Amino acid sequence: MITVRELLRSKPSGVVTTGPRSSVYDALALMQRHDIGGLPVVDNGRLVGVLSERDYARGVVLRGRSSRDMTVAELMSPAVVVGLGQSIHDCMALMTAKRARHLPVLAEGVLVGIVTIGDVVKQIISDQAQTIDELEHYIRGV
């Protein structure tokens, strides 16, 4: 099973972030522009939370608010983080236990990437396909 470090090598570099004082509307526009479903929230270089589409879907209208008059800080969820040495299985277990779909990656306290549920599923499918291929070759004696 590969590590978070290896997974991040296959993704574009850089992380799109937002700040806690940004409006939810602006954060959603940023997500739409980058075709992503969640944003790490960074304040003065420090990760302080994550804003996801799920947070928006459950948190704005149900509170009788508008995304234009609500700040990211009012809506964001606590970040569930991983390190570069953790495995994809670790990520999957955390995502399941914490019901998180976006895991910011920290290296020495610095945000260096993000692992999404899509990344994890894609990697697991790839690993399984490779295992099947290896087993087929073994069975055939190739």
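Residues numbered from 1 in each chain as written. Predicted model: local features only at pLDDT ≥ 70, side-chain atom pairs only at ≥ 80, totals over all residues. Heavy atoms only, no water.

(A) Broad picture of the overall build of the protein chain. A tally of regular secondary structure across the protein chain gives 6 helices and 5 strands. Ordered by position from the N terminus, the helices and strands of the protein chain form the series α-α-β-β-α-α-β-α-β-β-α. By residue count, 36% of the 142 residues in the protein chain fall in the buried class. Taking the intrachain contacts of the protein chain between residues at least 6 apart in sequence as the baseline, contacts between residues at least 24 apart amount to 52%. Of the roughly 8700 Å² of accessible surface on the protein chain, 52% is carried by carbon and sulfur atoms. Charged side chains of the protein chain number 16 positive and 15 negative; the gap between the two group centres comes to 6 Å. (Helix = DSSP H or I, 4+ residues; strand = E, 2+ residues; numbered from the N terminus. Buried < 20%, exposed > 50% of the residue type's maximum accessible area, 1.4 Å probe, protein only. Contact = heavy atoms within 4.5 Å. Areas by Shrake-Rupley, 256 points an atom, 1.4 Å probe, with all protein chains shown as cover. Lys, Arg positive; Asp, Glu negative; His and termini not counted. Charge placed at Lys NZ, Arg CZ, Asp CG, Glu CD.)

(B) Highlighting helix 6 (residues 117-140). Spanning 24 residues, helix 6 covers 35 Å between terminal C-alpha atoms, matching the ideal 34 Å at 1.5 Å per step. Contact partners of the buried residues in helix 6: helix 1 (4-9), helix 5 (88-98) and strand 5 (110-116). Note on helix 6: the residue one or two positions beyond its end, Gly141, has a positive phi of about 75°. (Expected span 1.5 Å × (residues − 1).)

(C) Summary view of the confidence of the model for the protein chain. Per-residue pLDDT for the protein chain averages 93, and the proportion of residues at 70 or more is 99%. Of all secondary-structure elements in the protein chain, the lowest mean pLDDT belongs to helix 6, at 85, while strand 3 (residues 82-83) reaches the highest, 98. (pLDDT = per-residue confidence, 0-100.)

(D) The environment of Leu8, seen in detail. Within the fold, Leu8 resides in helix 1. Accessibility expressed as a relative area gives 16% for Leu8, which makes it buried. Separated by 107 residues in the primary sequence, Leu8 and Val115 have C-alpha atoms spaced 7.8 Å apart. When sequence neighbours within four positions are dropped, the list of residues in contact with Leu8 reads Leu84, Val105, Val112, Gly113 and Ile114.

(E) Broad picture of unusual backbone geometry. Positive phi is not limited to glycine here, since Asn44 has a value of about 50°. Mapping Asn44 onto the fold places it in the loop between strand 1 (38-43) and strand 2 (46-52). Given the relative accessible area of 77%, Asn44 is considered exposed. Despite not being glycine, Glu108 has its phi angle at roughly 55°, a positive value. Here Glu108 is to be found in the loop between strand 4 (102-107) and strand 5.

(F) Local environment of the packing of helix 5 against helix 6. The N-to-C vectors of helix 5 and helix 6 enclose an angle of 135°; their axes lie 10 Å apart at closest approach. Between helix 5 and helix 6, the angle falls in the class oblique. As for how helix 5 packs across helix 6, the hand of that crossing is left-handed. Counted together, Ile88, Cys91, Met92 and Met95 of helix 5 and Ile117, Val120, Gln123 and Ile124 of helix 6 form the full contact between these two elements. (Axes fitted to C-alpha atoms, helices over the stretch in contact; angles between N-to-C directions. Parallel < 35°, antiparallel > 145°, perpendicular 65-115°, else oblique. Left-handed = near helix turned anticlockwise from the far one by under 90°.)

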